[in-house]
Amino acid sequence: MIIDSSMTWLIALYIFMLAAFTGYEVISRVPSILHTPLMSGSNFIHGIVVVGALHALLTATGLFGQVVGFLGVALGAANAAGGYVVTDRMLAMFKTSDRKGG
Amino acid sequence: MYVQHLMGLSGLLAAGLFIFGLKRMSSPVTALSGIVVAGVGMVAAVAASFLVVFDLMHAGNDRLGVNVALALVALAVGAGWAWWKGGKVAMTAMPQMVALYNGMGGGAAASIAAVALSGDAGGSPLILGVTVIGALIGSVSLTGSVIAWAKLDGKINHPWRFGGQRIVNGVIFAATALLGVGVVIFHGVPSGLSLAILFFFGALVFGVMMTLPIGGADMPVVISLYNAFTGLAVGLEGFALQNPALMIAGMVVGSAGTLLTALMAKAMNRSLSNVLFSNFGDLSGAG
C-alpha cells in the first residue's frame, strides 16, 4: 500500500472526477494538427502503469507473481520509454517544420 | 514510514508534472518541452517505487533480492527495446508504434490485475470488482492494439467480417463479463482460479474480435480509443493498488483520450459509433 488505508472509495471517486475534468479541460481547445502528438503524449503518460507493475513485482511472494510481475514491468517500461521517444520525435518534427514555415 | 511518505510525494510530483506537461503539449509553441516535463515526472516516480524495498527489508521477504534483480532486468529489457525501436522506426510508421506501445501498457495493467487476483488475500468486493473491470479493459486494449498495429503495419490487409459478427462479439463480451462477476464471487476459492484464466482469455479474444472488422483507414481513431481504454485501466488498477498517481494519470488520459477520439472521429466527419459498428469498407462498397 502506497498510502495508508484511509483512502476510502469516496475519496477515490473525488480523485477520479477531478482528474476526468482535468483531462477534458487540457485537451478541449487543441488545434487538430496536435491530435496525433497528443495521443502519443497521453500514451506516454499512462506508462506510469510501470510503477504499479513494479509494486506488484517487488512485493511478489510466489513464482506466479514474479513471472507475471516481470512481464508487467517489461511491458509497462516499453510503454513509457517507447511513448517518450515516439512523442519526442513527432514533436521535434513538428517544431522544425514550424520554424521553416514561419 | 518515511518511505511511504516519500513514495506518496513522488507520485504527487509525477501526477502534477504529467498534467503540466500535457497542458504544454496542447499548444504548438510549448509542445516540445511538454514531453520533457512529463518525462522528468516519470523518472522520479519509477525511481521512487524502488523505495518500497526498504519497507520490505523490515518485513523480511526471502524473495526480495530476486525480485529487485528481476525488476531491474525487466526495466532494462522493456525500456531498452522500446527506446531502440522507437528511435529507428520510420516517421510514417509512427501510428502503429503508438498502437503497439499502448497495447503494452494495457498488458501491464492486466498483469497487475492478474497478480492481484492470484493472491489469496481476500480483498473487498469493491476492490476486486474494480480490479476485474480494469483487467477487462486492459486486456481488450492489449489485443485490440496489437491487431491495430498489425493492420497499419500491413500484416493484416483485409478486414475480417462475417454475417452475425456483432451478435458473436456480443456473446463473447457477455460471457466474459459473466466470468468477471464469477471471479469476484469465487475469489479465494480454488475453482475461482480457472474462472480467472477463462476470464482473461475471453477478454483477450474480445479485443481481437472487436478490432478485426474495422478497416485500416479508421485505425487512428481506434488507436486513440484504445489509448483512452488503457488510461482507464491504469486508473482502475491504481485504485486497486491504492496509488493516487496511477489513478490521476490514468483518469486524465482516460478522459483526454476519449475527447481526442471524439475530435478525431469528428475530423473524419464520422461519429465514433459509426467507426466502431458500421464498417467503412461496406459503406464505400455500397455507395
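Check the entry above for the structure.
Here goes a summary of the coordinates provided. Since we're looking at a predicted model, the values are computed, not measured.

Moving on: the overall build of chain B. Check the secondary structure of chain B and you find twelve helices and zero strands. Traced from its N-terminal end to its C-terminal end, chain B shows the element sequence α-α-α-α-α-α-α-α-α-α-α-α. The C-alpha atoms of chain B give 20 Å as radius of gyration, which agrees with the globular expectation for 287 residues (19 Å, within 12%). Overall size of chain B, expressed as C-alpha extent along the three principal axes, is 70 × 55 × 30 Å. Across the 287 residues of chain B, 52% fall into the buried class. Sequence-distant contacts, at least 24 apart, represent 71% of the contacts inside chain B between residues at least 6 apart. Surface accessibility of chain B: about 12100 Å² in total, with carbon and sulfur atoms responsible for 75%. Charged side chains of chain B number 11 positive and 7 negative; the gap between the two group centres comes to 16 Å.

Residues and elements named next belong to chain B. Within the secondary structure, G138 is located in helix α6 (residues 125-152). Between the alpha carbons of G138 and A99 there is a distance of 13 Å; along the sequence they are 39 residues apart. Residues contacting G138, with those up to four places away along its chain left out, are G106, G107 and A233.

Right, let's talk about the pattern of salt bridges for a bit. A pair can form between side chains of opposite charge whenever their charged atoms are brought close. Residues and elements named next belong to chain B. Overall, the coordinates contain two salt bridges over all chains when judged by the stated rule. Put simply, K155 and D153 hold a salt bridge, and the shortest N to O gap is 2.7 Å. The exposure class assigned to K155 is exposed, which follows from its relative accessible area of 53%. For D218, the salt bridge goes to R270, with nearest N and O atoms at 3.0 Å. You can see D218 sitting in the loop between α8 (190-211) and α9 (219-240) and its partner R270 sitting in the loop between α10 (244-267) and α11 (272-277), a full 52 residues away along the chain. Accessibility classification places D218 together with R270 in one group, the buried group.

Reading the values: rules and limits
- Residues numbered from 1 in each chain as written.
- Chains lettered and ligands numbered in written order.
- Predicted model: local features only at pLDDT ≥ 70, side-chain atom pairs only at ≥ 80, totals over all residues.
- Heavy atoms only, no water.
- Helix = DSSP H or I, 4+ residues; strand = E, 2+ residues; numbered from the N terminus.
- Rg over C-alpha atoms; globule rule 2.2 N^0.38 Å.
- Buried < 20%, exposed > 50% of the residue type's maximum accessible area, 1.4 Å probe, protein only.
- Contact = heavy atoms within 4.5 Å.
- Areas by Shrake-Rupley, 256 points an atom, 1.4 Å probe, with all protein chains shown as cover.
- Lys, Arg positive; Asp, Glu negative; His and termini not counted.
- Charge placed at Lys NZ, Arg CZ, Asp CG, Glu CD.
- Salt bridge = Lys/Arg side-chain N within 4 Å of Asp/Glu carboxyl O.

Function-wise, these values are silent; they only describe arrangement.
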